[in-house]
Amino acid sequence: MLRRIDHVAFAVADLDAAIHLYESAWGLTLAHREVVADQGVEEAMFALGDSYVQLIAPLSGSSTVAKFLERRGEGLHHIAYEVDDLSAELAAAVDRGQRLIDKAPREGGRGTRIAFVHPVTNHGVLVELVEYQ
């Protein structure tokens, strides 16, 4: 069961420039920055109310985010929902006919477990499920 919107993620080509924009134009304060090597990204998180704005930039030209930027350019990448039990939620998603990108949870940033649900079964929106450990 979805608990809340954890974050909305934007793919960016230059993380430092994007951080500067969100700080100067929107008055947000950087809350967290981390390299998530197994996903091939560096992320920056800005707390906004009870959720976050996440900026993600590719670490290499072969990462999925780099390919996303090549195809679509910078912009909205995914929406993430917090769940209590990620394994149970993935099983329920399969039962509902949703197509999973991740069949099992994997490590995410900030000590979370995550999994992605394919946009083809979500009206074109990539969905990330997040469980805090």
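Residues numbered from 1 in each chain as written. Predicted model: local features only at pLDDT ≥ 70, side-chain atom pairs only at ≥ 80, totals over all residues. Heavy atoms only, no water.

> Which residues make up the pairing of strand β8 (residues 127-132), and what values go with them?
Burial analysis of β8 places 5 of its 6 residues in the buried class, which makes it a mostly covered element. Relative to β8, strand β5 (residues 75-83) runs parallel, the two sharing 4 bridges. Residue pairing for β8: Ile79 is matched across the bridge by Val127. Sheet analysis places strand β7 (residues 112-117) next to β8, joined by 6 bridges and oriented antiparallel. Within the sheet, the bridge partner assigned to Thr112 lies in β8 and is Tyr132. (Buried < 20%, exposed > 50% of the residue type's maximum accessible area, 1.4 Å probe, protein only. Helix = DSSP H or I, 4+ residues; strand = E, 2+ residues; numbered from the N terminus. Pairing = 2+ DSSP bridges.)

> Any chance you could break down the side chain of Thr112 for me, citing the residues and the numbers?
As for its placement among the helices and strands, Thr112 is situated in strand β7. Thr112 gets classed as buried once you look at its relative accessible area, which sits at 2%. Other than its neighbours up to four places away in sequence, Thr112 contacts Arg106, Glu107, Val130, Glu131, Tyr132 and Gln133. (Contact = heavy atoms within 4.5 Å.)

> Provide a residue-level description of the side chain of Asp6, including the pertinent values.
Here Asp6 is to be found in strand β1 (residues 2-11). Within polar-contact distance, the side chain of Asp6 engages the side chain of Arg110 at 3.0 Å. Non-local contacts of Asp6, meaning those with residues more than four positions away in its chain, are made with Ser51, Tyr52, Ala80, Tyr81, Glu82, Arg110, Val130 and Tyr132. (Polar contact = N/O pair within 3.5 Å; in protein donor to acceptor, adjacent residues only side chain to side chain.)

> Can you explain the environment of Val36? Please cite residues and give values.
Here Val36 shows up in strand β2 (residues 30-36). A relative accessible area of 5% means that Val36 is categorised as buried. With residues near it in sequence (within four places) discarded, Val36 still touches Val41, Glu43, Leu59 and Gly109.

> Before we move on, can you summarise the packing of aromatic side chains with the specific residues and values?
What the rule picks out here adds up to 2 aromatic pairs. Between Phe10 and Tyr22 the ring centres are 6.4 Å apart and the planes differ by 35 degrees, which places this aromatic pair in the tilted class. One end of the pair, Phe10, is in strand β1; the other, Tyr22, is in helix α1 (residues 15-24), and 12 residues separate them in sequence. Accessibility expressed as a relative area gives 16% for Tyr22, which makes it buried. Ring centres of Tyr22 and Phe46 lie 5.8 Å apart, and the angle between their planes is 25 degrees; on these two criteria the pair is classed as stacked. (Phe/Tyr/Trp six-rings, centres within 6.5 Å; stacked < 30°, edge-to-face > 60°.)

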